[in-house]
Amino acid sequence: MYTDKPASIKSEDCFQRYEFSKRIASIVAKPSIDKSLIIGLYGR
């Protein structure tokens, strides 16, 4: 059964997006610039 709960460990990642999401999270959590940050995610 699938829920809306986000995958929190790599073995739960059915769409193989774990590594990508970790990179995005690290950029958002600790931006290396002191200006605004805009992130756009596009896809089907």
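Up top is the structure these notes are about.
Figured I'd write up the structure that's included with this text. (Residues numbered from 1 in each chain as written. Predicted model: local features only at pLDDT ≥ 70, side-chain atom pairs only at ≥ 80, totals over all residues. Heavy atoms only, no water.)

**Looking at the overall build of the protein chain**
For clarity, the cut-off: Per the convention used, a helix needs a DSSP run of H or I reaching at least four residues, while a strand needs a run of E reaching at least two, with both numbered from the N terminus. Only protein chains enter the calculation, and the probe is 1.4 Å; a residue is then buried if its accessible area is under 20% of its type maximum, exposed if over 50%, and partly exposed in between. Computed with a 1.4 Å probe, the accessible areas rest on the Shrake-Rupley method; for each residue, only the protein chains presented here act as cover. We score Asp and Glu as negative and Lys and Arg as positive, and we do not count His or the chain ends. The atom standing in for a charge is NZ when the residue is Lys, CZ when it is Arg, CG when it is Asp and CD when it is Glu.
Helix and strand counts for the protein chain stand at one helix and zero strands. Viewed in the frame of its principal axes, the protein chain has a C-alpha envelope of about 40 × 25 × 15 Å. When each of the 44 residues of the protein chain is scored for burial, the buried share is 5%. When the accessible surface of the protein chain is summed, it comes to about 4,900 Å², and 57% of that surface belongs to carbon and sulfur atoms. Each charge class in the protein chain can be summarised by its mean position, and for the 8 positive and 5 negative side chains these summaries are 5 Å apart.

**A closer look at the environment of Ile 39**
Residue placement: Ile 39 occurs in the segment after helix 1 (18-29). You can call Ile 39 partly exposed: its relative accessible area is 38%. Considered as a pair, Ile 39 and Arg 17 are 22 residues apart in the sequence and their alpha carbons are 17 Å apart.

**Regarding unusual backbone geometry**
A negative phi angle is the norm for most residues apart from glycine, just as the trans form is the norm for most peptide bonds. Located in the positive-phi region is Gln 16, a residue other than glycine, with phi close to 55°. In this structure, Gln 16 sits in the segment before helix 1. In this structure Gln 16 comes out as exposed when scored by relative accessible area, which is 70%.

**Details of the environment of Leu 37**
Defined as follows: Residue contacts follow a heavy-atom distance rule, with two residues in contact if any of their heavy atoms lie within 4.5 Å.
Within the secondary structure, Leu 37 is located in the segment after helix 1. Assessed through its relative accessible area of 40%, Leu 37 is described here as partly exposed. Counting along the chain gives 19 residues from Leu 37 to Tyr 18, while the straight-line C-alpha distance between them is 22 Å. Ignoring anything within four residues of it in the chain, the contact list for Leu 37 reads Ile 27 and Val 28.

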